[in-house]
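Overview (structure and organization)
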Amino acid sequence: MKAYAMVLEEFNKPLKAKEFELIKPSDGELLVKIEAAGVCGSDVHMFRGNDPRTKLPMILGHEGVGRVYAISGQWRDINGEKIQEGDLIIWDRGVVCGRCYFCAVKKESYLCPHRWTYGISVSCAEPPHLRGCYSEYIYLHKDTKVIKIKENVDPEILVSASCSGATCAHAFDIVSPDFGDSVLIQGPGPIGLYAIIFAKLRGARNIIVIGGTKERLKMCEEFGATHVLDRNSTTACQRQEIIMDITNGRGVDLAIEAVGHPSAVSEGIKLVRNGGSYLSLGFGDPNGSVTLDCYYDIVRKNLRYQGVWVSDTKHLYMAVNVVLQNRELFKKMITNVYKLTDATKALEDMENKNTIKSVLKP
């Protein structure tokens, strides 16, 4: 039996459909039939050759939901549920060693130096080849953490929980707003939409979003943003004046950068109150630097400036449950669905912001 996948062989060149021989999983692995694969902004970085982790040739796609097709050994999900053929599952995109200093001592497995990621840091040149979600099937390594989805749910609404949702959950696991706080979100994409939901759940009163795409800003309002500011029709000075007015001249309690551009950091830090927090989530690839005044911007403000790198299984679990509790909203996030063979078009549309969240359906 053969399966096909879309393979990135050269940066900036269309993905190619390639056939791979399907073999029975061994060594405790799981063979999963992909039901839906998310197209992430990080995939665009790899497509363009901007992510240093990319190993060609490779099958992109680190956001996947699928049904178990074949099993090697005994599998249970993180809740202890037995995994059987036909079960709908989602999996942690990162696989860690579990034994290093960061995994075993600091309990920060997302910093594991041996961590590798489906569809990001593993080539398809070596068996079992299928390690990315832009494919009909994927082999899951025996150390992969999975969650069995027992609810009757459309698989496509869950794909974003693997990356945008889990990373955002990680951010709110680090810093949680108090009831009545003001939260600023820079970027109205999938991470921004998750940030709105998490901010609401944590009791934020004012949820302010800055973005430049009208369709995305409108979606942010549907998700619960109390204020949206179009950066194409306002200046930085005007946005600062509006935000200071909303927050009684203090600035926001928490700001989340979900853009991945230095200009957002320069603006955002100045909008945080004394003693507030600034979390940076958006830099999925090396994308420049920013100059900060260490006295006025950081020390004098007693500012907490925190980077947020990927996530662990706890955060995936949080994100999945947020989606399951807000199904209709996350259904709206899926604005484009493509055939697997149209993966290149999906990447280009994501890059050009012609979509909010795209899904490939094999």
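Residues numbered from 1 in each chain as written. Predicted model: local features only at pLDDT ≥ 70, side-chain atom pairs only at ≥ 80, totals over all residues. Heavy atoms only, no water.

Where an unreviewed UniProt entry is consulted, the protein chain appears under the name Threonine dehydrogenase, with the organism given as Caldicellulosiruptor bescii.

Attention now goes to the packing of helix 3 (residues 164-174) against helix 4 (residues 190-201). At a closest axis distance of 9 Å, the pairing of helix 3 and helix 4 adopts a crossing angle of 45°. Looking at the two axes, helix 3 sits oblique to helix 4. Relative to helix 4, the crossing made by helix 3 is right-handed. In this structure, helix 3 uses Ser164, Gly165, Cys168, Ala169 and Phe172 to contact helix 4, whose residues at the interface are Pro190, Ile191, Tyr194, Ala195, Phe198 and Ala199. (Axes fitted to C-alpha atoms, helices over the stretch in contact; angles between N-to-C directions. Helix = DSSP H or I, 4+ residues; strand = E, 2+ residues; numbered from the N terminus. Parallel < 35°, antiparallel > 145°, perpendicular 65-115°, else oblique. Left-handed = near helix turned anticlockwise from the far one by under 90°. Contact = heavy atoms within 4.5 Å.)

Overall, the coordinates contain eight aromatic pairs when judged by the stated rule. Relative to tyrosine 118, the ring of tryptophan 116 has its centre 4.9 Å away and its plane inclined at 65°; by these criteria the two rings are edge-to-face. Centroid distance tyrosine 295 to tyrosine 296: 4.9 Å. Interplanar angle 85°. Geometry classified as edge-to-face. A relative accessible area of 56% means that tyrosine 296 is categorised as exposed. Taken together, the ring pairs connect Tyr194, Phe223 and Phe330 into an aromatic cluster. (Phe/Tyr/Trp six-rings, centres within 6.5 Å; stacked < 30°, edge-to-face > 60°. Buried < 20%, exposed > 50% of the residue type's maximum accessible area, 1.4 Å probe, protein only.)

So, on to the pairing of strand 5 (residues 64-71). When strand 3 (residues 30-39) meets strand 5, the two strands line up antiparallel, connected through seven bridges. Following the sheet pairing, alanine 37 is matched in strand 5 by glycine 64. Judged from the three bridges that link them, strand 5 and strand 6 (residues 88-91) form a sheet pairing that is antiparallel. Directly across from glycine 66, in strand 6, lies its bridge partner isoleucine 89. (Pairing = 2+ DSSP bridges.)

Counting buried positions over the eleven residues of helix 3 gives nine, a clear majority of the element. Of the residues making up helix 3, those classed as buried are Ser164, Gly165, Ala166, Thr167, Cys168, Ala169, His170, Ala171 and Phe172. Where the residues of helix 3 are buried, they touch helix 4, strand 14 (252-257), strand 15 (272-280) and helix 9 (313-325).

Okay, the UniProt feature "domain: Enoyl reductase (ER)" (unreviewed entry) in the protein chain next. UniProt feature "domain: Enoyl reductase (ER)" (unreviewed entry): in the numbering of this structure it lies at residues 10-360. Annotated as 28% helix and 24% strand, the span residues 10-360 places its first and last C-alpha atoms 21 Å apart. (UniProt positions renumbered as here; feature names shortened; annotations may be inferred.)

Okay, the nonpolar core next. In this structure, Ile90, Leu158, Phe172, Ile196, Phe223 and Val320 are the most contacted members of the largest nonpolar core, which totals 54 residues. Considering each element in turn, this core owes the most residues, eight residues, to helix 4. Three or more residues apiece are contributed to this core by two domains, here domain 1 (2-163 + 311-360) and domain 2 (168-307). Sequence-distant contacts of phenylalanine 223, that is, excluding residues within four places in its chain, are made with Leu193, Ile196, Ile197, Lys200, Leu329, Phe330 and Met333. Judged by nonpolar contacts, the second largest core, of 46 residues, contains Trp116, Leu130, Cys133 and Met350. (Core = buried A, V, L, I, M, F, W, Y, C linked by side-chain atoms within 4.5 Å. Domains from an automatic or database assignment.)

Attention now moves to the environment of cysteine 100. With respect to the secondary-structure elements, cysteine 100 resides in the loop between strand 7 (94-95) and helix 2 (101-105). With twelve residues separating them in the primary sequence, cysteine 100 and cysteine 112 have C-alpha atoms 6.9 Å apart. When neighbours within four sequence positions are excluded, cysteine 100 is seen to be in contact with Val105, Cys112, Pro113 and His114.

To continue, consider helix 6 (residues 236-246). The complete set of buried residues in helix 6 reads Arg239, Ile243 and Ile246. Seen from one end, helix 6 has its buried residues packed into an arc of 55°, which puts them on one side. With respect to the buried face of helix 6, the exposed residues turned more than 90 degrees away are Cys237, Glu241 and Asp245. Buried residues along helix 6 sit in contact with strand 11 (182-186), strand 12 (206-211), strand 13 (227-230), strand 14 and helix 7 (262-269). Immediately downstream of helix 6, the backbone of asparagine 248 shows phi near 55°, a positive value. (Arc of directions from axis to C-beta.)

By the assigned domains, the protein chain splits into domain 1 (2-163 + 311-360) and domain 2 (168-307). Between the C-alpha centres of domain 1 and domain 2 there is a distance of 28 Å. Contact residues are listed per partner, giving 26 residues for domain 1 and 19 residues for domain 2. Counting each side, the surface lost to burial between domain 1 and domain 2 is near 2000 Å², with a carbon and sulfur contribution of 66%. The interface formed by domain 1 and domain 2 contains two salt bridges. For the salt bridge of glutamate 222 with lysine 332, the shortest nitrogen-to-oxygen distance reads 3.0 Å. Linking domain 1 to domain 2 there are seven residue pairs in polar contact (both at pLDDT 80 or more). Those elements that place two or more of their residues in the side of domain 1 that touches domain 2 are helix 9 and helix 10 (327-333). A per-element tally of the side of domain 1 that touches domain 2 places helix 9 first, with six residues. (Buried area = accessible area lost by both parts, 1.4 Å probe. Salt bridge = Lys/Arg side-chain N within 4 Å of Asp/Glu carboxyl O. Polar contact = N/O pair within 3.5 Å; in protein donor to acceptor, adjacent residues only side chain to side chain.)

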